[in-house]
Amino acid sequence: MKKQVKTLLSSLFTLVFLFVLGNLHAQTTMDEFLSKWRNGKQFTIDVLNAMPESGMDYKTDPEAMSFKEQIHHIASSAVGISQGYLMGKDPGFSIDVATASKAELADYVAKAYDYAEATMKAVPADKAGEVIEVFGMNASRRQIMALIMDHSTHHRGAAIAYLRANGITPPAFVAL
């Protein structure tokens, strides 16, 4: 009986160890991350396209960013953070949000997401885990990639609230 209990406990320990070991790896692969990034790109463009031209300058408060400024902020931050912290080169494009049309802003968003994706893919494996200072904190470049995604999600959520405040049903969320 003791031998059976010992064998059972040993097997249980081994299973728990393997489970923990399996979960010590990254929560997602780069391919999985980039798939979600591309979905975010399309979702951001869909949110932008849902707002009529007449609502592009809408603000929830005089101190808040306008709808188009929210969308621009998503794109310009992805570019700026990628360039500044992920070793990105000069993107070679820009936009004046004050005078940009909705179509020009959509094109800028697409280019910004594509630039950030190319920059993320170009980070060498030996540099992805390197911890650097970003906004007064220390983070790995992988964490900075997640930061860009989280930041985009945050401001896209604000833009969705702007749509709802104007009686517009936002586009459906695509999780994966």
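Structural notes, computed from the coordinates.

In strand β1 (residues 131–134), alternate side chains face the same way, and those of Ile-132 and Val-134 are buried while those of Val-131 and Glu-133 on the opposite face are not. Of the strand pairs in this sheet, β1 and strand β2 (residues 137–140) are connected by 4 bridges, and their pairing is antiparallel. Bridging across to β2, Val-131 finds its partner in Ser-140. Hairpin connection of β1 to β2: 2 residues between the antiparallel strands, including Phe-135 at a positive phi of 50 degrees.

With that settled, the discussion passes to the side chain of Thr-44. You can see Thr-44 is positioned in helix α2 (residues 30–50). Among the polar contacts listed, one links the side chain of Thr-44 to the backbone oxygen of Gly-40, at a separation of 2.8 Å. Residues contacting Thr-44, with those up to four places away along its chain left out, are Ile-71, Ile-74, Val-109, Tyr-113 and Arg-156.

Attention shifts here to a nonpolar patch on the surface. Taken together, the side chains of Phe-135, Met-137 and Leu-147 present a nonpolar region at the surface, about 310 Å² in accessible area. Topologically, Phe-135 is positioned in the loop between β1 and β2. Note on Phe-135: relative accessible area 53%, which makes it exposed.

The next thing to look at is the pattern of salt bridges. Under the defined criterion, the tally for this structure stands at 7 salt bridges. Between Asp-107 and Lys-111 there is a salt bridge, and its shortest N-O distance comes to 3.2 Å. Of this pair, Asp-107 and Lys-111 both sit in helix α4 (residues 102–122), separated by 4 residues, roughly a single helical turn. Among the salt bridges present, the one from Glu-130 reaches Arg-141, with a minimum N-O distance of 2.5 Å. Residue Glu-130 is located in the loop between α5 (125–128) and β1, and its partner Arg-141 is located in helix α6 (residues 141–165); the two are separated by 11 residues in the primary sequence. Using a relative accessible area of 9% as the deciding quantity, one classes Arg-141 as buried. Several salt bridges share partner residues, and in doing so they unite Arg-38, Glu-117 and Lys-121 into one network.

Definitions and cut-offs
- Residues numbered from 1 in each chain as written.
- Predicted model: local features only at pLDDT ≥ 70, side-chain atom pairs only at ≥ 80, totals over all residues.
- Heavy atoms only, no water.
- Buried < 20%, exposed > 50% of the residue type's maximum accessible area, 1.4 Å probe, protein only.
- Helix = DSSP H or I, 4+ residues; strand = E, 2+ residues; numbered from the N terminus.
- Pairing = 2+ DSSP bridges.
- Polar contact = N/O pair within 3.5 Å; in protein donor to acceptor, adjacent residues only side chain to side chain.
- Contact = heavy atoms within 4.5 Å.
- Patch = residues over 30% accessible without salt bridge, like charges linked within 9 Å, V, L, I, M, F, W, Y side chains within 5 Å.
- Areas by Shrake-Rupley, 256 points an atom, 1.4 Å probe, with all protein chains shown as cover.
- Salt bridge = Lys/Arg side-chain N within 4 Å of Asp/Glu carboxyl O.

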